[in-house]
Amino acid sequence: MITKDWSSARIAVVKVSSYLILVICISIPIHAIGGYAVINPDELFAKGMKQFSDNRFDEAISLFTQAEKEYEVLNNMRQIIGCRLGIATCFFAKGNIEKALEFNESAMELHVMEMKDDQRGYDQIKENIALCKELIRREKH
């Protein structure tokens, strides 16, 4: 059941999460590792953002997941966090709050380990997690 409060909260989280994803993500060039060309994860991420903005959330999730795998090859934790937040935001927009919570918590774990000096990002992810938990709690009652 969608209420006005839930709907407003959903819009706020999507806006904040989209902003956070863009702030976290920076461009990197195509790399070669071990003599093999790596798919440019920035292109995958950008396509994921486009799909997200077109409300094509399943396609965006797929692209963010592919980008995350490529960022893992590059050991780029900042971008991996961005991908997980992108996936979380897509699940939230789809109404799958449990999956959104899972990916926000995963992003938070990496953020705490890798980006200790980014208090603003920490606070925003913390707010996303709190909202997801509150919505799940309300749904159960």
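Residues numbered from 1 in each chain as written. Predicted model: local features only at pLDDT ≥ 70, side-chain atom pairs only at ≥ 80, totals over all residues. Heavy atoms only, no water.

## Details of the overall build of the protein chain
Part 1: Looking only at helices and strands, the protein chain features six helices and two strands.
Part 2: In the protein chain, which comprises 141 residues, the proportion classed as buried is 47%.
Part 3: A sequence separation of at least 24 residues applies to 63% of the contacts in the protein chain between residues at least 6 apart.
Part 4: Carbon and sulfur atoms make up 54% of the accessible area of the protein chain, which amounts to about 8,100 Å² in all. (Helix = DSSP H or I, 4+ residues; strand = E, 2+ residues; numbered from the N terminus. Buried < 20%, exposed > 50% of the residue type's maximum accessible area, 1.4 Å probe, protein only. Contact = heavy atoms within 4.5 Å. Areas by Shrake-Rupley, 256 points an atom, 1.4 Å probe, with all protein chains shown as cover.)

## Concerning unusual backbone geometry
Part 1: The phi dihedral of Asn 55 falls on the positive side, at around 60°, and the residue is not glycine.
Part 2: Summarising the element assignment, Asn 55 is placed in the loop between helix H2 (41-53) and helix H3 (57-74).
Part 3: Phi is positive for Asn 75, which is not a glycine, with a value near 55°.

## Some remarks on H2
Part 1: Between its first and last C-alpha atoms H2 spans 18 Å; for 13 residues at 1.5 Å apiece the expected length is 18 Å, and the two agree.
Part 2: Within H2, the full set of buried residues consists of Pro 41, Asp 42, Leu 44, Phe 45, Gly 48, Met 49, Gln 51 and Phe 52.
Part 3: Looking at where H2 begins, the residue whose side-chain oxygen comes 2.8 Å from the main-chain nitrogen of Asp 42 is Asn 40.
Part 4: Phi for Asn 55, located one or two positions after H2, is positive at around 60°. (Expected span 1.5 Å × (residues − 1). Polar contact = N/O pair within 3.5 Å; in protein donor to acceptor, adjacent residues only side chain to side chain.)

## A few points about the packing of H3 against helix H4 (residues 77-94)
Part 1: In the contact formed by H3 and H4, the axes pass within 9 Å of each other and the chain directions differ by 165°. Viewed along their axes, H3 and H4 adopt a mutual orientation that is roughly antiparallel. Crossing angle aside, the handedness with which H3 passes H4 is left-handed. Taken together, the residues of H4 that come into contact with H3 (itself represented by Phe 57, Asp 58, Ala 60, Ile 61, Phe 64, Thr 65, Ala 67, Glu 68, Tyr 71 and Glu 72) are Gln 79, Ile 80, Cys 83, Arg 84, Gly 86, Ile 87, Cys 90, Phe 91, Ala 93 and Lys 94.
Part 2: A per-class count over the contact of H3 with H4 returns twelve nonpolar, three polar and five charged. (Axes fitted to C-alpha atoms, helices over the stretch in contact; angles between N-to-C directions. Parallel < 35°, antiparallel > 145°, perpendicular 65-115°, else oblique. Left-handed = near helix turned anticlockwise from the far one by under 90°. Nonpolar A, V, L, I, M, F, W, Y, C, P; charged D, E, K, R; others polar.)

## Things to note about the nonpolar core
Grouped burial of nonpolar side chains is what soluble globular proteins tend to show.
Part 1: In this structure, Phe 45, Phe 64, Cys 90 and Phe 92 are the most contacted members of the largest nonpolar core, which totals 35 residues.
Part 2: When residues of this core are traced back to their parent elements, those giving at least two are H2, H3, H4, helix H5 (97-114) and helix H6 (119-140).
Part 3: Sort the elements by how many residues they give to this core and H4 lands first, with ten residues. (Core = buried A, V, L, I, M, F, W, Y, C linked by side-chain atoms within 4.5 Å.)

## Thoughts on the pattern of salt bridges
Part 1: All chains considered together, the criterion is met by eight salt bridges.
Part 2: A salt bridge links Asp 54 to Lys 50; the shortest N-O distance between them is 2.7 Å.
Part 3: Here Lys 50 falls in the partly exposed class, since its relative accessible area comes to 47%.
Part 4: Three or more residues are tied together by salt bridges with common partners; here these are Glu 134, Arg 137 and Arg 138. (Salt bridge = Lys/Arg side-chain N within 4 Å of Asp/Glu carboxyl O.)

Everything listed here is a matter of coordinates, which is why it stays silent on function.
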